[in-house]
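Here is how the chains run, residue by residue.
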Amino acid sequence: MIPVEVTEGAGPLILGMPHTGTFLPPEILASLNARGRMLADTDWHIDQLYKDLLPDVTIVRATFHRYVIDANRPPDGESLYPGQNTTGLVPLTDFDGVPIWDVPPGAAEVEERRQRFHQPYHAALAAQVGRVRAAQGVALLYDCHSIRSRIPFLFEGVLPDFNIGTVNGASCDARIERLVAETCTKATAYRTILNGRFKGGWTTRHYGKPEQGVHAIQMELAQSTHLASEAPPFAYDPVKAERLRDGLRAILEGLVALAPQLRA
């Protein structure tokens, strides 16, 4: 099993996909309870949603499920949102706060998973960021995510459709933040928020170094925008998705057009 799939493109844009994978090694699958085996917290169909939106895009996609280990969490397990409900490096509960393991992993197993899955994903991502930065003079890392629109354990009410995270402007040039926010706002069928509940995970925080020509931004989509239902079997809705893809294409095209102005 290869923990990460890489598609190299010639352009300045990199799509990170840490949560689309559904692979679990048999021994890890056997340790999950029935709730965990639902894999409810997958970023369902995100790879399909972004497929072929633009040519020359680099894609780095984790093939393993986030219950194996979360590739968008710090390797030391530090909380990204202190004082708020969240899930950790190896989640012990799902997004509803319900336990997912019959046999939770111990510290030694978590470390083994970190080396076997988390580290290779980020080694691949870092290599692509370096390659693109060297070739283009700038690298734009757009981290692709989705989540159910209603999860009381994590946030109140209904999540907006487009949730843009730039770590309060620290992970990218202000022109990137403005372009993405304005493009989303123009998609009038959808609601948009900037640096709301989701300000950017470890990927955005770790790689976003605008002063070095590496810009990172996270897009957390409400799954109601592209799923037939936010419940099993989490089916892809082609009509909803195609409408959403128009907006996503506009975002990515705008980023590529902006890239020459951002070269270090």
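To keep things clear, this report deals only with the structure shown in the data block. For clarity, every value in this text was computed on a predicted model and none was experimentally measured.

1. Observations concerning the overall build of the protein chain
1) Next: Secondary structure summary: the protein chain contains six helices and seven strands in total.
2) Next: Counting from the amino terminus, the protein chain carries its helices and strands in the arrangement β-β-α-α-β-α-β-β-α-β-α-β-α.
3) Next: In terms of overall size, the protein chain behaves like a compact globule, its C-alpha atoms giving a radius of gyration of 17 Å where 264 residues would be expected to give roughly 18 Å.
4) Next: Referenced to the eigenvectors of the C-alpha coordinate spread, the extents of the protein chain come out at roughly 50 × 40 × 35 Å.
5) Next: Looking at the protein chain residue by residue over its 264 residues, the buried ones come to 55%.
6) Next: Restricting the contact set of the protein chain to residue pairs at least 6 apart, pairs at least 24 apart contribute 78%.
7) Next: Total accessible area on the protein chain is roughly 10,900 Å²; 54% of this is exposed by carbon and sulfur atoms.
8) Next: Averaging the coordinates of the 26 positive side-chain charges in the protein chain and doing the same for the 30 negative ones gives two points 3 Å apart.

2. Overview of the environment of H118
1) Next: Mapped onto the elements, H118 comes out in helix α3 (residues 107–136).
2) Next: Accessibility expressed as a relative area gives 3% for H118, which makes it buried.
3) Next: In this structure the C-alpha to C-alpha distance between H118 and R66, which are 52 residues apart in sequence, comes to 9.8 Å.
4) Next: In contact with H118, not counting residues within four places along its chain, are F64, I69, D70, A71, R73, P74, P75, L89, R113 and W202.

3. Things to note about the pairing of strand β5 (residues 162–165)
1) Next: Burial along β5 is two-sided: F162 and I164 facing one way and N163 and G165 facing the other are all buried.
2) Next: Judged from the three bridges that link them, β5 and strand β6 (residues 192–194) form a sheet pairing that is parallel. Paired with F162 across the two strands is T192, which belongs to β6.
3) Next: Viewed along the sheet, the connection from β5 through helix α4 (residues 174–186) into β6 turns out right-handed.
4) Next: Sheet analysis places β5 next to strand β7 (residues 214–222), joined by four bridges and oriented antiparallel. Note on β7: the bridge partner recorded for N163 is E220.

4. Points about the nonpolar core
1) Next: Of all hydrophobic cores here, the largest spans 36 residues; its most connected members are Y50, Y142, V180, M219, L248, L252 and L255.
2) Next: For this core, the secondary-structure elements that each account for two or more residues are β2 (13–17), α2 (46–50), β4 (139–147), β5, α4, β7 and α6 (238–258).
3) Next: Here the element with the most residues in this core is α6; it accounts for seven residues.
4) Next: If we ignore the near neighbours within four places in the chain, the residues touching V180 are I164, I217, M219, I251 and L255.
5) Next: I69, W101, Y121 and V129 belong to the second largest nonpolar core, which has 32 residues in total.

5. Digging into the sheet that holds β2
1) Next: The mixed open sheet is built from seven strands, whose spatial order is β1-β3-β2-β4-β7-β5-β6. Two strands lie at the open edges of the sheet, namely β1 (4–7) and β6, each paired on one side alone. Mean inter-strand twist for the sheet, computed between neighbouring axes without regard to direction, equals 20°.
2) Next: Sheet analysis places β2 next to strand β3 (residues 58–62), joined by four bridges and oriented parallel. Directly across from M17, in β3, lies its bridge partner R61.
3) Next: Lying on the sheet, α3 is in contact with β1, β2, β3, β4 and β7; it crosses β3 at an angle near 170°.

Cut-offs applied
Throughout, residues of each chain are indexed from 1 in the direction in which the sequence is written. For a predicted model such as this one, the threshold for reporting local features is a pLDDT of at least 70, and the threshold for listing and counting side-chain atom pairs is 80 or more; totals across whole chains, interfaces and linings nevertheless cover every residue. Working from all heavy atoms in the structure, the side-chain values ignore hydrogens and water. For helices the rule is a DSSP run of H or I covering at least 4 residues; for strands it is a run of E covering at least 2, with both sets numbered from the N terminus onward. Based on C-alpha atoms, the radius of gyration is set beside the globule rule, defined as 2.2 Å times the residue count to the power 0.38. Here the term buried applies to any residue with accessible area under 20% of the maximum for its type, exposed to any over 50%, and partly exposed to those in between, with areas from a 1.4 Å probe on protein chains only. Between two residues, a contact is recorded if the distance between any of their heavy atoms is within 4.5 Å. Here the open area of atoms and residues is found with the Shrake-Rupley method and a 1.4 Å probe, where only the protein chains shown may cover a residue. Counted as positive: Lys and Arg. Counted as negative: Asp and Glu, with His and the chain ends omitted from the count. The atoms used to mark charge sites are NZ of Lys, CZ of Arg, CG of Asp and CD of Glu. DSSP calls a pair of strands paired once it identifies at least 2 bridges connecting them. Think of it like this: strands point away, you trace from the first strand over the helix to the second, and a clockwise trace means the crossover is right-handed. Among buried residues, the Ala, Val, Leu, Ile, Met, Phe, Trp, Tyr and Cys ones that are joined through side-chain atoms within 4.5 Å form a nonpolar core. Orientation is described by lines fitted to C-alpha atoms, with helices fitted over the stretch in contact, and by angles between N-to-C directions that extend from 0 to 180 degrees.

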